[in-house]
Amino acid sequence: MKALTRFAGSKGRFLLALLSGLCQCAQGDTYQAVVVKVDASQVALPLIQNLEVTASLNGKEAAGGPLNVTPAMMSFTLLVAVDQSGPLNVSVRGYSGRKELLAGGTDRVALSGTGEYALTLLLRPEVPDPATLSFAMPVFYPPPNLGTLAAGDVNGDQLPDLVGATFDTTQVSVLLNQGQGIFSMKTGIVDTAQAVYSMALGDLDGDGHLDIVVVDVELGQIGVLRGKGDGTFQPVLQSPTTIQGPQVIDVRDMDRDGHLDLVLLSGVGVTILPGKGNGTFGTAKTTDAGKFPVGAAVGDLNQDGKTDVAVTNQAGVRVLLGNGDGTFASGQNVAGIPAGFTRIALSDRDLAVTDPMQAAVVIYSGTGDGITFLSGKTVPTDKRAYTVRSADVNGDLKPDFLVTNFDGNTVSVILANGDGTFQPARNFPSGTQPVEVVALDADGDGKNDLALVAAQMIEGTPQISLLLNTSR
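These numbers come from a predicted model, not from an experiment.

Trainee: How would you explain the overall build of the chain if you had to name every residue and give the values?
Mentor: Within the chain, the secondary structure is distributed over zero helices and 40 strands. Counting across all 472 residues of the chain, residues that qualify as buried make up 53%. Counted over contacts in the chain with a minimum sequence separation of 6, partners at least 24 positions apart contribute 50%.

Below, the structure written as C-alpha cells:
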C-alpha cells in the first residue's frame, strides 16, 4: 500500500509519501524507529528548524505521536498504536522557532485491525514537470547601474533580500523583500568607505546575521560590513591584508573549522582568506591558477567532500582540488578544454564555460576524479552568452545552468538530467543586456526565481529584473 498526496505550505508544494506502506506489528512487541538521514543542504526547506508529525484515527490522536524531527531527517518512521479499524490521517507541520511555515497531511489510509503500525514517510519538494518550466515577465526594481548582485535574508524575516553594488562607487544597495515576490521600491544605501568591484554575503562573525564583504579591485582592499540583523550594517571593517586585483568568488568554510572563509581570484591566483569567526581574517594562502586567470567557480568536482576551485585562464581551465584545510593540490589545466573562455560554473562534477562573443555555452561532463572531463557539448543559447551560474531551478535537486545573454536580452535555463547530460536551453526575457543572474525563492513557493542585473535601462526603468518561477 502506498499513499501519496500534495499539499501547499507557505514555503511551497511538497510531497508526503508512505514509502513502504503500512506494516502491522504484533501487539506487545517493541520496535525501533528507523531514521534515514538526508543531507539538509539537498532539501529545499532551509527555514524549517523542526517538523512535528502526528497520526490520528477518526479525529483522535493515535498513541505514539507526535514525533519531532529536524530537516536533516526528511525520511523517517513513525510508530503508532491504534485500538480500532478506520482511516488513519498523518499531519505534518514545520516550524522555525514558534512560527509555523508548513502544514499539511496525507490522504486517509484505511487500517484493518488493531495493533501497532510503522509508517515510513518521506517529505520532499514537489518536482515540477520540466515541460512546464516557465517564468513570468520580468518586473524591474531600483537601483540603477549595479554591477554585482547577491541574495540573502539581511533583516531576519526569513525572506531573501537583494544586495547589489555599483562598480567604482562606495555604496551597496539593499532591496528588502516584502513577501509574495515583491521588493521595496525604496533602496537602502550602505556606505562602504571604499570602491566596490565585487561583493558577497555570509555570516562572517558568527552572530546569525548576514554580513557583506566588499572588494576594491584597484587598491586590493577588502572590507566587511557586519549585519545588525535588521537590514542595516555597521561601518566597514577593513582588512589589513591587500590582494592584487581581487574579485570575490565565494564565501564558505574552506578549512572546515566552522568559520566562513573568503575565496578570491586575482592576478596571482586563487587566494583563501581564512575567517576567524569575528569578521576578520587570518593569513592569506594563494595557489597559482595559471597565466591571466579571468573567472572562477567553486564546487566539489571529485565528490570527496572538499571544496575545489576551477579557473578559466589564458590556456583554458585549471582545476585546483581542495585538501579540506584551505589549501589545494597542485593545479593542472584540464586536457581538452581550449583557451578563450571567460566565465565558468560548476554543477556537481560537471562544468560549463562561456565565451561572450559566442551564442552558446559549452558543458564538460566530469568523470569523477575532478580533472578528467568528456568532450564538451555545445548548447546554443542566445546572442552573446555572458555569465553562467549554477542553481536548481525545477526543484529536482539537480543543479542546472543559468546563462545571461548580453545581446539577446534573455536568460537561458539549461536543465540537468542528473546523468551528466543536459536539456536544450530555454530562453526567457530578462531586460536589456543582462550581466548577472542570482537564483532565490523570492515569493516563498518553494521554487527558485531569478534576479538579474541589466547593463542598460529600458525606457528609464530600473536595473534589477525579477522573474518569478511560474512552473506548475
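There is more to say after this.
Trainee: Run through the packing of aromatic side chains, naming residues and quoting values.
Mentor: This model, assessed by the stated rule, comprises four aromatic pairs. When the centroid spacing of 5.6 Å and the interplanar angle of 35° are considered together, the rings of Tyr-386 and Phe-406 count as tilted. Placement of Tyr-386 in strand E34 (residues 385-391) and of Phe-406 in the loop between strand E35 (400-405) and strand E36 (410-414) is noted, with a sequence separation of 20 residues between them. The class for Tyr-386 is partly exposed, based on a relative accessible area of 22%. Judged by relative accessible area, Phe-406 falls into the buried class, the value being 14%.

Trainee: With reference to specific residues and values, describe the pairing of E36.
Mentor: Each regular strand carries side chains that alternate between the two faces of the sheet. Counted residue by residue, E36 has five buried out of five residues, so it is predominantly covered. In terms of strand pairing, E35 meets E36 through five bridges, oriented antiparallel. Directly across from Asn-405, in E36, lies its bridge partner Thr-410. In this structure, the hairpin formed by E35 and E36 is closed by a connection of four residues, where Asn-409 is found at a positive phi of approximately 55°.

Trainee: Tell me about the sheet that holds strand E37 (residues 426-429), residues and numbers included.
Mentor: Spatial strand order, E34-E35-E36-E37: four strands in an open sheet with antiparallel pairing. Looking at which strands have only one partner, the edges of the open sheet turn out to be E34 and E37. Averaged over all adjacent pairs, the angle separating strand axes in this sheet is 25°, with direction ignored. Here E34 runs beside E35; their pairing, made up of five bridges, is antiparallel. In the sheet register, Arg-389 faces E35, and the bridge partner there is Leu-402.

Trainee: Account for the nonpolar core, naming residues and giving values.
Mentor: Ranked by internal contacts, the top residues of the largest apolar core, which has 16 residues, are Val-317, Ile-344, Leu-351, Val-353 and Tyr-364. Of all the elements in the fold, those that place two or more residues in this core are strand E28 (316-320), strand E30 (343-347), strand E31 (350-354) and strand E32 (360-364). For Tyr-364, the residues in contact, after removing those within four places along its chain, are Gly-336, Ile-337, Pro-338, Phe-341, Asp-350, Leu-351, Val-353, Phe-373, Leu-374, Ser-375 and Gly-376.

Trainee: Which residues make up the confidence of the model for the chain, and what values do they have?
Mentor: Averaged over every residue, the pLDDT of the chain is 80; the share at 70 or more is 71%. Between residues 1-46, whose pLDDT stays under 50, and residues either more than four places distant or in other chains, the model counts 129 contacts.

Trainee: Requested: an account of the sheet that holds strand E26 (residues 295-299), with residues and values cited.
Mentor: The four strands lie next to each other as E26-E27-E28-E29, forming an open sheet whose pairing is antiparallel. Either end of the sheet is taken by a strand with one partner, and the two such strands are E26 and strand E29 (332-333). As judged from the two bridges shared by E28 and E29, these two strands associate in the antiparallel manner. Looking across to E29, one finds that Val-319 is bridged to Gln-332.

Trainee: For the environment of Ser-173, give the residues involved together with the corresponding values.
Mentor: Tracing the backbone shows Ser-173 in strand E14 (residues 169-175). What makes Ser-173 buried here is its relative accessible area of 5%. Spatially, the C-alpha atoms of Ser-173 and Asp-191 are 9.0 Å apart, while their sequence positions differ by 18 residues. With sequence-adjacent residues up to four places away left out, Ser-173 is seen in contact with Pro-143, Leu-146, Leu-162, Val-163, Gly-164, Thr-187, Gly-188 and Ile-189.

Trainee: I'd like a rundown of the pattern of salt bridges, residues and numbers included.
Mentor: The full count for this structure, using the stated rule, is five salt bridges. One salt bridge in this structure joins Asp-250 and Arg-252, with 2.8 Å as the shortest N-O distance. Among the salt bridges present, the one from Arg-389 reaches Glu-436, with a minimum N-O distance of 2.6 Å. Placement of Arg-389 in strand E34 and of Glu-436 in strand E38 (residues 434-440) is noted, with a sequence separation of 47 residues between them.

Trainee: If you had to explain the side chain of Asp-355 to someone new, which residues and values would you point to?
Mentor: By the secondary structure assignment, Asp-355 is in the loop between E31 and E32. The buried charged residue Asp-355 lacks any salt bridge partner; its closest oppositely charged side chain belongs to Arg-384, at an N-O distance of 7.7 Å. Those residues within four positions of Asp-355 in sequence are excluded, and the remaining contacts are Gly-340, Phe-341 and Ala-385.

Trainee: Residue-level account of unusual backbone geometry, with values.
Mentor: Unusually for a residue other than glycine, Arg-384 sits at a positive phi of about 55°. The class of Arg-384 is partly exposed, set by a relative accessible area of 27%.

Trainee: So what's going on with the side chain of Ser-198? Which residues, and what values?
Mentor: Along the polypeptide, Ser-198 turns up in strand E18 (residues 198-202). Under the relative-accessibility criterion, Ser-198 is labelled buried at 7%. From its side chain, Ser-198 meets the backbone nitrogen of Val-248 in a polar contact 2.9 Å long. Leaving out residues up to four positions away in the same chain, Ser-198 has contacts with Thr-148, Val-213, Val-214, Val-215, Gln-247 and Val-248.

Trainee: If you had to explain the environment of Asp-191 to someone new, which residues and values would you point to?
Mentor: Relative to the helices and strands, Asp-191 resides in strand E17 (residues 188-196). Distance from Asp-191 to Gln-234, taken between C-alpha atoms, is 9.6 Å for residues 43 residues apart in sequence. Dropping the residues within four chain positions of it, Asp-191 is found in contact with Thr-170 and Leu-225.

What counts as what
- Residues numbered from 1 in each chain as written.
- Predicted model: local features only at pLDDT ≥ 70, side-chain atom pairs only at ≥ 80, totals over all residues.
- Heavy atoms only, no water.
- Helix = DSSP H or I, 4+ residues; strand = E, 2+ residues; numbered from the N terminus.
- Buried < 20%, exposed > 50% of the residue type's maximum accessible area, 1.4 Å probe, protein only.
- Contact = heavy atoms within 4.5 Å.
- Phe/Tyr/Trp six-rings, centres within 6.5 Å; stacked < 30°, edge-to-face > 60°.
- Pairing = 2+ DSSP bridges.
- Axes fitted to C-alpha atoms, helices over the stretch in contact; angles between N-to-C directions.
- Core = buried A, V, L, I, M, F, W, Y, C linked by side-chain atoms within 4.5 Å.
- pLDDT = per-residue confidence, 0-100.
- Salt bridge = Lys/Arg side-chain N within 4 Å of Asp/Glu carboxyl O.
- Lys, Arg positive; Asp, Glu negative; His and termini not counted.
- Polar contact = N/O pair within 3.5 Å; in protein donor to acceptor, adjacent residues only side chain to side chain.

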